[in-house]
Amino acid sequence: MNTLDFSIVAQSWPYLWSGLLFSLSLTAAAFAIGMILGTCLALVQHFDVPVLAKIVRSYVAIIRSIPLILVLFWFFFLMPIVLGHLSGNGRPVPIGASATAFTTFGLFEAAYYSEIIRVGLRAVNKGQFEACQALALSTYHTYRHIVLPQVLRVASPIILSQTIILFQDTSLVYVLSLTDLLGAASKLAQLNGRLVEMYLVVAVAYLIISSAASQCVASLRKRYAIATTR
Amino acid sequence: MFGVLFEQAADGQRYIDWLLSGLGWTLALAFFGWWIAFAIGVIVGVGRTVQNRLFSIPARLYVEIFRNIPVLVQMFLWYFVFPEVVPVTLGDAIKQIPPPWASFFPALLCLGLYTASRIAEQVRAGIEALPKGQMEAANALGLSGYLTYRYVIVPQALRLIVPSLTSEVMGIYKNTSVALTIGLMELTAQARQISEATFQTFTAFGAATIIYLCLALIAYQAMTLIDKAVRIPGSSAVTLTAEQDLTADVPQGGALPDAMEAAK
């Protein structure tokens with residue numbers, strides 16, 4: 001084969017950088033939407049709200065058993081139709097690949113975060129609830145100020161690990177032809193024929209970001225573990 | 001609603017045949033990929049726990065590399081990059097492979113090696129969950145390091161981690177869909193093709209979704225049966241699922257986030 005020539009990567013750096021920024025903002029948005037919605041979904045299941053809890057449970061089960069790529073295809077096709085119905089005139093509203101990616105990842109991750117939080121809710125000591133009752137706190141205050149903060153703290157390493165996975169999964173927006181880090185590299189590779197250099201650089205970039213993040217989570221967990229040792 | 005699936009497609013087959021052939025590729029990838037992953041995963045997982053750095057450092061590197069690069073990027077590395085970086089004759093031989101197999105083998109390799117890194121972490125967690133006495137007893141009986149792992153440690157660890165392996169089984173069949181990016185016509189790709197050919201998007205994706213749900217159900221049931229059959233009697237089983245780790249109050253070791261993220 002011809003020799004590797006990484007100068008091409010240096011030239012195309014700004015484009016790759018913008019791709020990386022898109023990946024990161026998609027991760028951040030999906031994290032925010034996913035956490036807020038996921039907490040709501042978990043609470044609905046936790047309180048066993050009639051009918052709603054069943055719907056939420058099926059939603060979570062379905063989302064967790066089909067591939068993310070299929071979910072992306074579903075939303076890419078369904079969102080315009082749903083929005084069309086909502087806007088009243090019934091005609092599909094085209095929303096574009098980027099908006100699809102943000103909604104899909106938010107709703108998709110919500111299912112995963114909700115499972116983590118639901119398990120965390122079950123893990124909270126019964127005494128905490130009893131103490132809240134003894135102090136005459138309302139249900140809202142109990143969960144808002146006593147229970148949820150504990151759940152988030154206990155589950156934070158898992159939530160963060162899930163977020164690292166989410167960051168890696170954002171590369172799948174490639175199937176919607178979006179320009180995330182991988183998409184940018186792939187478009188450049190098709191232009192200049194430097195597939196090998198482009199994909200190697202992208203792989204190393206993902207490797208560095210993900211393992212650095214994993215190291216942070218690991219040290220966080222260590223610190224936390226010491227804090228709770230009795 | 002699913003009537004359109006039984007209509008004839010342009011190539012003389014019915015659309016349902018497209019879906020079934022896609023299902024075949026998905027199952028083949030998941031099945032063979034799983035055994036590759038399991039074999040390598042156990043070896044690397046053991047390597048993570050031994051004292052000898054000659055084994056533990058490469059094992060750690062393996063897990064770090066394969067877990068921290070997205071599957072899709074790994075897929076491209078095997079498909080586009082691998083034939084270019086190996087010696088020319090071998091690279092040319094790889095490029096000569098006829099179409100479906102040319103995407104199947106890289107996909108198989110990719111999924112197998114990626115899933116292996118995740119199984120390795122489960123195996124390591126399983127081994128670390130065993131009481132120290134097992135190792136000490138084996139030593140006292142004069143078993144060599146190899147025999148200790150072969151007959152005492154690994155069999156017990158594997159029995160412990162069956163529930164967390166369930167999520168890896170689910171993970172590998174879902175990740176097979178990533179193979180569509182390198183042109184393998186597996187289930188999701190066929191669903192998309194049907195939707196493009198018939199404009200019955202809802203039907204096409206609905207059918208694929210139902211098939212994936214059935215696969216998930218079958219995988220889950222099968223793993224539950226296996227777990228029942230091999231669970232160590234009297235053991236409170238697995239401290240490795242996130243649930244038990246959370247209730248255990250003090251999260252320790254690497255098992256917890258892995259088990260949870262694996263729930264994917």
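Only a predicted model underlies this, so the values are computations on that prediction, with no experimental measurement involved.

K.L.:
For this particular structure, what's the right way to read the overall build of chain A?
P.N.:
In terms of helices and strands, chain A carries nine helices and zero strands. When its C-alpha atoms are laid out on the principal axes, chain A stretches across 75 × 55 × 25 Å. Here chain A holds 230 residues, and the buried ones make up 40% of them.

K.L.:
Can you help me understand the confidence of the model for chain B in this one?
P.N.:
Low pLDDT means the predicted coordinates in that region are not meant to be read closely. In the predicted model, chain B carries a mean pLDDT of 86, and 89% of its residues have values of at least 70. Confidence drops under a pLDDT of 50 for residues 239–264 of chain B, and excluding neighbours within four residues, the segment shows 71 contacts in the predicted structure.

K.L.:
Please clarify how the packing of helix H2 (residues 13–46) of chain A against helix H3 (residues 52–65) of chain A should be interpreted in this entry.
P.N.:
When two helices pack together, their arrangement is given by the angle between the helix axes and by the axis-to-axis distance. All names here are of chain A. The interhelical angle for the contact between H2 and H3, taken along N-to-C directions, is 130°, at an axis separation of 8 Å. As summarised for this structure, H2 and H3 are arranged oblique, according to the angle between their axes. The hand of the H2/H3 crossing is left-handed. Residue-level inspection shows Leu41, Val44 and Gln45 of H2 in contact with H3, the latter providing Leu52, Ala53, Val56, Arg57 and Val60. Split by residue class, the contact of H2 with H3 holds six nonpolar, one polar and one charged.

K.L.:
Hey, could you run me through the nonpolar core in this one?
P.N.:
Nonpolar side chains tend toward joint burial in soluble globular proteins. Ala185(A), Tyr199(A), Val202(A), Val73(B) and Met75(B) are the most contacted members of the largest nonpolar core, which totals 126 residues. Considering every element that reaches this core, the biggest residue donor is helix H5 (residues 99–129) of chain B, with 13 residues. Apart from the residues within four sequence positions on either side, Ala185(A) is in contact with Leu16(A), Met198(A), Tyr199(A), Val201(A) and Val202(A).

K.L.:
Before we go on, may I ask you to explain the packing of H2(A) against helix H5 (residues 96–123) of chain A in this structure?
P.N.:
Residues and elements named next belong to chain A. Here H2 crosses H5 at 45°, and the two axes come no closer than 5 Å. With respect to H5, the element H2 is oriented oblique. Both H2 and H5 take part in a crossing whose hand is right-handed. Taken together, the residues of the contact of H2 with H5 break down into 15 nonpolar, seven polar and two charged.

K.L.:
Is there a simple way to explain the confidence of the model for chain A in this structure?
P.N.:
Across chain A, the average pLDDT comes to 89, with 97% of residues at or above 70. For chain A, helix H1 (residues 7–11) of chain A is the element with the lowest average pLDDT, namely 81, and H2(A) is the one with the highest, namely 95.

K.L.:
Hey, could you run me through the environment of Gly126(B) in this one?
P.N.:
All names here are of chain B. For Gly126, the location among the structural elements is in helix H5. Using a count of 27 C-beta atoms within 10 Å as the deciding quantity, one classes Gly126 as buried. Sequence spacing of Gly126 and Ile210 is 84 residues, and the spatial spacing of their C-alpha atoms is 34 Å.

K.L.:
Help me out: how do you make sense of helix H7 (residues 145–160) of chain B in this one?
P.N.:
For an α-helix, the turn length of 3.6 residues means that residues three or four places apart are oriented alike. Residues and elements named next belong to chain B. The first and last C-alpha atoms of H7 sit 21 Å apart over 16 residues, in line with the 22 Å expected at 1.5 Å per residue. Its maximal kink placed at Ile153, H7 deviates by approximately 40°, while the proline Pro155 follows within four residues. Of all the positions in H7, only Tyr149, Ile153, Ala157 and Leu160 are classed as buried. Buried-residue contacts for H7 involve helix H1 (15–49), H5 and helix H6 (132–140).

The rules we used
- Residues numbered from 1 in each chain as written.
- Chains lettered and ligands numbered in written order.
- Predicted model: local features only at pLDDT ≥ 70, side-chain atom pairs only at ≥ 80, totals over all residues.
- Helix = DSSP H or I, 4+ residues; strand = E, 2+ residues; numbered from the N terminus.
- Buried ≥ 20, exposed ≤ 12 C-beta atoms within 10 Å, placed from the backbone.
- pLDDT = per-residue confidence, 0-100.
- Contact = placed C-beta atoms within 7 Å.
- Axes fitted to C-alpha atoms, helices over the stretch in contact; angles between N-to-C directions.
- Parallel < 35°, antiparallel > 145°, perpendicular 65-115°, else oblique.
- Left-handed = near helix turned anticlockwise from the far one by under 90°.
- Nonpolar A, V, L, I, M, F, W, Y, C, P; charged D, E, K, R; others polar.
- Core = buried A, V, L, I, M, F, W, Y, C linked by C-beta atoms within 7 Å.
- Expected span 1.5 Å × (residues − 1).
- Bend = angle between axes of the 7 residues up to and from the residue.

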